[in-house]
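Here is how the chains run, residue by residue.
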Amino acid sequence: PYDHLFVAALVAGTSLIAGAAEEPHPATPGEPIIVHSASSNIDDATNTADFTAISVSQGNTRLTAERARATGLGFQDSQWTFAGQVVIDLQPHGTLRAERAVLQFRDGTLTQITTAGPPAHFEQWRTDSRRPGHGQADQITYDAKQDTVHLNGHARLSQEDDVEITAPVLVVNIRDGGLKAGSQ
């Protein structure tokens, strides 16, 4: 679920921009989640962990950051906060860059990703000859239950033919491809 949801959040949000949905690579729940860091401090008494120069990967998805803090260890029921030059690399689909990312896990499933800039940026790489799609906002949130991507604060989506949509808030519905623009 971890890899698939990252891909779904980025690909679905940007495929609307690009004009044609692209299938994310299949979920690979059997692949291990690998955590590497320059240093770590795990406190079993408080059920927290702090990391520096961290990399978390599963399959083709890799998240890197200068530091991270996990409350609730593992990926069963936890919150992971990554800070400092956060990059989520979704080979071959795209990249998300932010100053901060918070990942919420419940019952072993990623339920929400919230990234913050200022601004958070994403880019979808295309398999056709068109240029990549881009988006940015002060905060980008993927809600797995609602299957939506919210771009909040100075939200902007653009595609290769110089079409750009801006609003204080943009909401992309991944299920139906709908896009709503609003002021809140």
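These lines cover the structure that appears in this document, whether it is placed above or below. Residue numbers here run from 1 along each chain, matching the order of that chain's written sequence. Residues qualify for local features only when their pLDDT is at least 70, as the model is predicted, and side-chain atom pairs are given and counted only at 80 or more; totals for whole chains, interfaces and linings, by contrast, use all residues. Working from all heavy atoms in the structure, the side-chain values ignore hydrogens and water.

### Let's talk about the environment of G117
Each helix corresponds to a stretch of at least 4 residues labelled H or I by DSSP, and each strand to a stretch of at least 2 residues labelled E; elements are numbered beginning at the N terminus. With respect to the element layout, G117 can be found in strand β7 (residues 109-124). Given the relative accessible area of 14%, G117 is considered buried. Linking G117 and I140, residues 23 residues apart in sequence, is a C-alpha distance of 8.7 Å. Other than its neighbours up to four places away in sequence, G117 contacts E99 and D138. Throughout this description, buried means an accessible area under 20% of the type-specific maximum (1.4 Å probe, protein chains only), exposed means over 50%, and partly exposed covers the range between. Throughout, a residue-residue contact means that at least one pair of heavy atoms, one from each residue, lies within 4.5 Å.

### Some points on the pattern of salt bridges
Salt-bridge detection follows one rule: a side-chain nitrogen of Lys or Arg within 4 Å of a carboxyl oxygen of Asp or Glu. Using the criterion set out here, one finds two salt bridges in the structure. Here D50 ties to R69 by a salt bridge, and the two come within 2.7 Å at their closest N and O atoms. Placement of D50 in strand β3 (residues 48-58) and of R69 in strand β4 (residues 61-71) is noted, with a sequence separation of 19 residues between them. Residue R67 is joined to E66 by a salt bridge in which the shortest nitrogen-to-oxygen separation is 3.3 Å.

### Here we look at the nonpolar core
Generally speaking, a soluble globular protein has its nonpolar side chains buried in company with each other. By nonpolar core we mean a set of buried residues, namely Ala, Val, Leu, Ile, Met, Phe, Trp, Tyr and Cys, connected to one another through side-chain atoms within 4.5 Å. Residues I54, W80, F82, L103, I140 and L151 are the most contacted members of the largest nonpolar core, which totals 34 residues. When residues of this core are traced back to their parent elements, those giving at least two are β3, β4, β5 (78-90), β6 (94-106), β7, β8 (133-143), β9 (148-158) and β10 (164-173). Beyond its immediate sequence surroundings of up to four residues, I54 is in contact with V35, H36, S37, L63, T64, A65, E66, R67, A68, W80 and F82.

### Description of the pairing of β8
Of all 11 residues in β8, eight are buried, a share of seventy percent or more. Should DSSP find at least two bridges between two strands, the strands are taken to pair. Bridge count between β7 and β8: 10 bridges; the pairing is antiparallel. Within the sheet, the bridge partner assigned to H121 lies in β8 and is Q136. Between β8 and β9, which follow one another and run antiparallel, lie four residues, and D147 among them has a positive phi close to 55°.

### Describing a nonpolar patch on the surface
For patches, a residue must show more than 30% relative accessible area and have no salt bridge; joins then use 9 Å for like charges and 5 Å for nonpolar side chains, namely Val, Leu, Ile, Met, Phe, Trp and Tyr. Every accessible area reported is derived by Shrake-Rupley at a probe size of 1.4 Å, with residue values counting cover from the shown protein chains alone. On the surface, a nonpolar cluster with roughly 200 Å² of combined accessible area is contributed by V163, I165 and L179. Here I165 shows up in strand β10. According to the relative accessible area criterion, I165 is partly exposed, its value standing at 34%.

### Points about the side chain of S57
One can find S57 in strand β3. What S57 contacts, discounting residues up to four positions off in sequence, is P32, I33, I34 and R62.

### Quick notes on the packing of aromatic side chains
Here is the rule: rings of Phe, Tyr and Trp (six-membered ring for Trp) pair when centre to centre is within 6.5 Å. Planes less than 30 degrees apart are stacked, more than 60 are edge-to-face, and the remainder are tilted. All told, the structure shown has four aromatic pairs when counted by the stated rule. A ring pair is formed by F75 and F105, whose centres lie 5.1 Å apart and whose planes are at 75°; its orientation type is edge-to-face. Here F75 is found in the loop between β4 and β5, whereas its partner F105 is found in strand β6, with 30 residues between them in sequence. Look at W80 and F82: their rings are 6.0 Å apart centre to centre, the planes differ by 20°, and that puts the pair in the stacked class. Per residue, the accessibility class of W80 equals that of F82, and both read buried.

Read these as layout, nothing more, since geometry by itself doesn't imply function.
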